[in-house]
Amino acid sequence: MGSPFFWRKVHSLSGLLPIGIFLCVHLFINSLALKGEIAFNQGVSLLHSVPYLWVLELLIIFIPLIFHALYGIWVVYLTRNNVLTYSYFRNWLFYLQRVTALITLVFVVWHVYVLRFANGIFGNEISFTFVSQALSHPLVTVLYVVGLLATFAHFANGLWSLLISWGITIGARAQRSAAYVCLGVFVILMIVGMNALRVFI
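These figures come from a predicted structure and were not determined experimentally.

1. Quick look at the side chain of Arg98
Within the secondary structure, Arg98 is located in helix 5 (residues 89–115). Of the buried charged residues, Arg98 lacks a salt bridge, with Glu57 as the closest side chain of opposite charge at 28 Å. At a separation of 3.5 Å, a polar atom in the side chain of Arg98 contacts the main-chain carbonyl oxygen of Phe94. Setting aside chain neighbours within four positions, we find Arg98 in contact with Arg8, Val75, Val76 and Thr79.

2. A short note on the packing of helix 1 (residues 4–16) against helix 4 (residues 53–78)
Two elements in contact, helix 1 and helix 4, have axes separated by 10 Å at closest approach and are oriented at 125 degrees. Comparing their axes, helix 4 and helix 1 come out oblique. Judged by the twist between their axes, the crossing of helix 1 over helix 4 is left-handed. Here Pro4, Trp7, Arg8, Val10, His11, Ser14 and Gly15 of helix 1 come into contact with helix 4, specifically with Phe67, His68, Tyr71, Gly72 and Val75. Of the residues that constitute the contact of helix 1 with helix 4, the class distribution is six nonpolar, five polar and one charged.

3. Side note on unusual backbone geometry
That bond from Leu17 to Pro18 is cis: its omega, 5 degrees, falls within 30 degrees of zero. Inspection of the secondary structure puts Pro18 in the loop between helix 1 and helix 2 (19–31).

4. A short note on helix 4
Compared with the 38 Å implied by 1.5 Å per residue over 26 residues, the 36 Å span of helix 4 between its first and last C-alpha is a close match. At Leu59, helix 4 shows its maximal kink, close to 35 degrees.

5. Regarding the state of the cysteines
Under the definition given, this model contains zero disulfides. Among the cysteines around Cys24, which has no disulfide bond, Cys182 carries the closest sulfur, lying 12 Å off. Judged by relative accessible area, which is 36%, Cys24 ranks as partly exposed. On the accessibility criterion, Cys182 (4% relative accessible area) is buried.

Calculation criteria
- Residues numbered from 1 in each chain as written.
- Predicted model: local features only at pLDDT ≥ 70, side-chain atom pairs only at ≥ 80, totals over all residues.
- Heavy atoms only, no water.
- Helix = DSSP H or I, 4+ residues; strand = E, 2+ residues; numbered from the N terminus.
- Buried < 20%, exposed > 50% of the residue type's maximum accessible area, 1.4 Å probe, protein only.
- Lys, Arg positive; Asp, Glu negative; His and termini not counted.
- Salt bridge = Lys/Arg side-chain N within 4 Å of Asp/Glu carboxyl O.
- Polar contact = N/O pair within 3.5 Å; in protein donor to acceptor, adjacent residues only side chain to side chain.
- Contact = heavy atoms within 4.5 Å.
- Axes fitted to C-alpha atoms, helices over the stretch in contact; angles between N-to-C directions.
- Parallel < 35°, antiparallel > 145°, perpendicular 65-115°, else oblique.
- Left-handed = near helix turned anticlockwise from the far one by under 90°.
- Nonpolar A, V, L, I, M, F, W, Y, C, P; charged D, E, K, R; others polar.
- Expected span 1.5 Å × (residues − 1).
- Bend = angle between axes of the 7 residues up to and from the residue.
- Disulfide = S-S within 2.5 Å.

Pasting the structure below:
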């Protein structure tokens, strides 16, 4: 079945490939709303016209996502947080990674149910109007803002951890430089995500 070390490596890698890549693609499709309702609807229609879409979603998105989520819950369960005792920067990042993991999990499950299964199971057409209506309630908008920020923070922080755990950034200087790069990734994702959200609301 493999050692815990092996599964932790697979877990960290799955957060980048394919989940992280899908996150960026998903943000790009949502950003089509900046070009108007027609452009967004055309983008969604093009995506949904891909042959065997459900098979691709299952293999490339849902299975890796379920594995990443379930193993992540196990890691959170095993983690003993000690930020009050050892309140240094890396320990806080370690703690925040677990907190954002739980927020992201709840948000992604809710998001997939509302905006993906609504189409696949209930037959609702995913369109600019449908998304706008889903975000029309102020509480839902706030929850989306929190969920998106947690997701972006979890991805960026996870990317920084991956670079360390895979031996790509060795030494304090390389890790500090990578931290700035990952912070930049978070800022870019936040700007793109919030800008798209702004159009819908």
